[in-house]
Amino acid sequence: MNELMDTGVMLPASKKLPTKKEWDAVCGKDVTTGMENVGVWLVDSLKIRIPLQRVTIHHSGLNAMVGKVVLSTGEVISETMETSIRSEIDGVRTAFTVCKESLDGKRTGMFLTILINAKMLGKGYFNGITTETIQTIYSYIMDLNVASFTYDDFMNGECVDIDVRKDFQGGDVEVNHAMERLKKNYIHRDKMDTGILTFKTGKRTTGIQFNKRTTTSFLTSPFMKIYSKYADAMDSKHYEFFRHHGIKIPHDLWRVEYTIKNKKHLKHVGMGNRLKDILTTTQDVFDGGMEQITTALFSPRQRTCERLESLDIPPRDKMMVNALASIADCGKSIHDAKQSILGNLEGYNRTKSMKYLNTLHESYLRPIERYNAYEQTDKILDVIGYRF
């Protein structure tokens, strides 16, 4: 669907695209698209504002007076300023808005605000918005011919509503167990824009969302979402983009994302608000932002402690196996359980004792279904950023 008008953009004739059923048939476990960025935090979208005096408007319908006219008499009965325009080209949505915004809490100024997203990269979508890809995004915006500004003004633009995402692999069973743990430990607050939303495709649970994306209560009720990227790509809102660019999505690819809402939130995370600052943010800072999100959303990881099944364990090992099992049953990962038992042991003693604990784990706990499930679920939770 091509909806951008009066910009001078020449759009190529649409080629015949595969049907949804045909596209679904070629996506699956052998597809590796996006796998090179699994486990990496990347910026997926953001809003950027540029001072209007630094911008040249080209689109005749943006920042112009639009009037209602009586055709029979030519009388103008009302006039309004057209302040926004949206485009959708081959599944890539872009929004331009001219508005008055605060400068420092006391003064205001006119800005052009643009919604940019990783889909502007086309086939490079999974690379995210980075220092390596931002020139491509700038060129895409310039080619729309709605407005123009220098690359330096673009890089110095102020950013809000920054969606940060990390892709990861996981089977439905493991990811669903992880989502159930998150639901169980979610801290319910009696506030607007809070709560849990579960996504389903048929009988399959394909995602979960905590709080509304519009929330500004980032300290107590931040937004976070986990979803199947495959199911998301098959959704009617996104399907056209993925099939147009021939991007095949693996069935086991999932995504976790959170939103950095505004300048205060950026400062809380430890980031600047200029585009050039966002693009040079390190993985540790993004990880810290996610840690703040999970700490606000969830109580510590816990399970109901269960009695260890009767096993043929030598008496010399039984006490240590019980200790590992009890710590794991009450919410710690197997790795953390081992670390707790080792305490402040160092050097050779620590290495030797860790080898002993690993042997007990492999011999007695891993074969038990619930401990194997714990291990798989814990891996997902660790990747997501829920580590406490």
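See the structure shown above.
Residues numbered from 1 in each chain as written. Predicted model: local features only at pLDDT ≥ 70, side-chain atom pairs only at ≥ 80, totals over all residues. Heavy atoms only, no water.

(A) Spatial organisation of the overall build of the protein chain. If you tally the helices and strands in the protein chain, you get 13 helices and 13 strands. Counting all 388 residues of the protein chain, 45% fall into the buried class. A sequence separation of at least 24 residues applies to 70% of the contacts in the protein chain between residues at least 6 apart. (Helix = DSSP H or I, 4+ residues; strand = E, 2+ residues; numbered from the N terminus. Buried < 20%, exposed > 50% of the residue type's maximum accessible area, 1.4 Å probe, protein only. Contact = heavy atoms within 4.5 Å.)

(B) Geometry of the environment of Y125. Following the sequence through the fold, Y125 ends up in the loop between β7 (108-117) and α2 (134-144). Residues Y125 and D44, spaced 81 residues apart in sequence, show a C-alpha to C-alpha distance of 8.8 Å. Ignoring any residue separated from it by four or fewer positions in sequence, one finds Y125 in contact with D44, A118, K119, R165, K229, F241, F242, I247 and R255.

(C) Representation of the nonpolar core in the model. Core analysis: the biggest nonpolar cluster contains 75 residues, and L112, I116, F154 and M224 have the highest contact counts within it. For this core, the leading source of residues is α2, giving six residues. The next biggest cluster of nonpolar side chains, apart from the first, holds 13 residues, and it includes I313, M354, L360 and L365. (Core = buried A, V, L, I, M, F, W, Y, C linked by side-chain atoms within 4.5 Å.)

(D) Region of interest: empty space enclosed by the protein. Following the criterion strictly, the structure yields one cavity of 30 Å³ or more and no others. Approximately 30 Å³ is the volume attributed to the largest cavity. In terms of lining, the largest cavity is formed by T215, F218, P222, F223, T259 and K261. Class assignment of the residues belonging to the lining of the largest cavity gives a composition of three nonpolar, two polar and one charged. (1 Å grid on protein atoms, 1.4 Å probe; cavity = no way out; pocket = protein on both sides within 12 Å on 5 of 7 lines; lining within 4 Å. Points joined across faces, edges and corners; volume = space filled by probe spheres on them. Nonpolar A, V, L, I, M, F, W, Y, C, P; charged D, E, K, R; others polar.)

(E) Quick peek at the pattern of salt bridges. In the structure shown here, the tally under the stated rule is 16 salt bridges. Here R165 makes a salt bridge to D44, at a shortest N to O gap of 3.9 Å. Of this pair, R165 sits in strand β9 (residues 158-169) while D44 sits in strand β1 (residues 41-51), and the two are 121 residues apart along the sequence. Pair check on accessibility: R165 and D44 agree, each one buried. (Salt bridge = Lys/Arg side-chain N within 4 Å of Asp/Glu carboxyl O.)

(F) Geometry of α2. Along α2, the residues that are buried comprise I134, I137, Y138, Y140, I141 and L144. Looking straight down α2, one finds its buried side chains confined to an arc of 160 degrees; they lie on one side. Of the surrounding secondary structure, the elements contacted by the buried residues of α2 are β5 (84-89), β6 (92-102), β7, β8 (147-148), α3 (151-155) and α8 (275-279). Looking one or two residues past α2, N145 carries a phi angle of roughly 60 degrees, positive in sign. (Arc of directions from axis to C-beta.)

(G) Up close: the sheet that holds β7. With respect to topology, nine strands assemble into an open sheet ordered β5-β6-β7-β1-β9-β13-β12-β11-β10, the strand pairing being antiparallel. Since the sheet does not close on itself, it has two edges, and those belong to β5 and β10 (196-201), each with one partner. Averaged over all pairs of adjacent strands, the angle between their axes in this sheet comes to 20 degrees, without regard to strand direction. Of the pairings in the sheet, the one linking β10 to strand β11 (residues 204-210) comprises six bridges and is antiparallel in character. Across the sheet, the residue bridging to T198 is I208, located in β11. (Pairing = 2+ DSSP bridges. Axes fitted to C-alpha atoms, helices over the stretch in contact; angles between N-to-C directions.)

(H) Representation of the environment of S60. Tracing the backbone through its elements, the reader meets S60 in the loop between β2 (56-57) and β3 (64-69). In this structure S60 comes out as exposed when scored by relative accessible area, which is 52%.

(I) Helix α9 (residues 283-297), seen in detail. Taking 1.5 Å per residue, 15 residues should reach 21 Å; α9 reaches 21 Å between its end C-alpha atoms and fits that length. The complete set of buried residues in α9 reads F286, G289, M290, I293, T294, A296 and L297. Buried residues of α9, viewed axially, fall in a sector of 165 degrees; they line one side. (Expected span 1.5 Å × (residues − 1).)

(J) Structural view of the packing of aromatic side chains. This structure, assessed with the given rule, holds twelve aromatic pairs. Consider the rings of Y125 and F241, whose centres lie 5.6 Å apart with planes at 65 degrees: the pair is edge-to-face. Of this pair, Y125 sits in the loop between β7 and α2 while F241 sits in helix α6 (residues 239-244); the two residues are 116 residues apart in sequence, bridging distant segments of the chain. Exposure class is identical for Y125 and F241. Each is buried. Measuring from ring centre to ring centre gives 5.1 Å for F298 and Y386, while their planes differ by 40 degrees; the resulting arrangement is tilted. (Phe/Tyr/Trp six-rings, centres within 6.5 Å; stacked < 30°, edge-to-face > 60°.)

(K) View of the layout of surface pockets. Volume-wise, the largest pocket comes out at about 1000 Å³. What lines the largest pocket is a set of 35 residues, among which K225, D232, K237, H238 and E257 lie closest to the centre. By residue class, the composition of the lining of the largest pocket is seven nonpolar, ten polar and 18 charged. Lining the second largest pocket are 24 residues, with R49, E101, S102, E158 and N273 sitting closest to its centre. Going through the elements one at a time, β1, β6, β7 and β9 are the ones with two or more residues in the lining of the second largest pocket. It is β1 that provides the largest number of residues to the lining of the second largest pocket, a total of five residues. Broken down by class, the residue content of the lining of the second largest pocket amounts to seven nonpolar, seven polar and ten charged.

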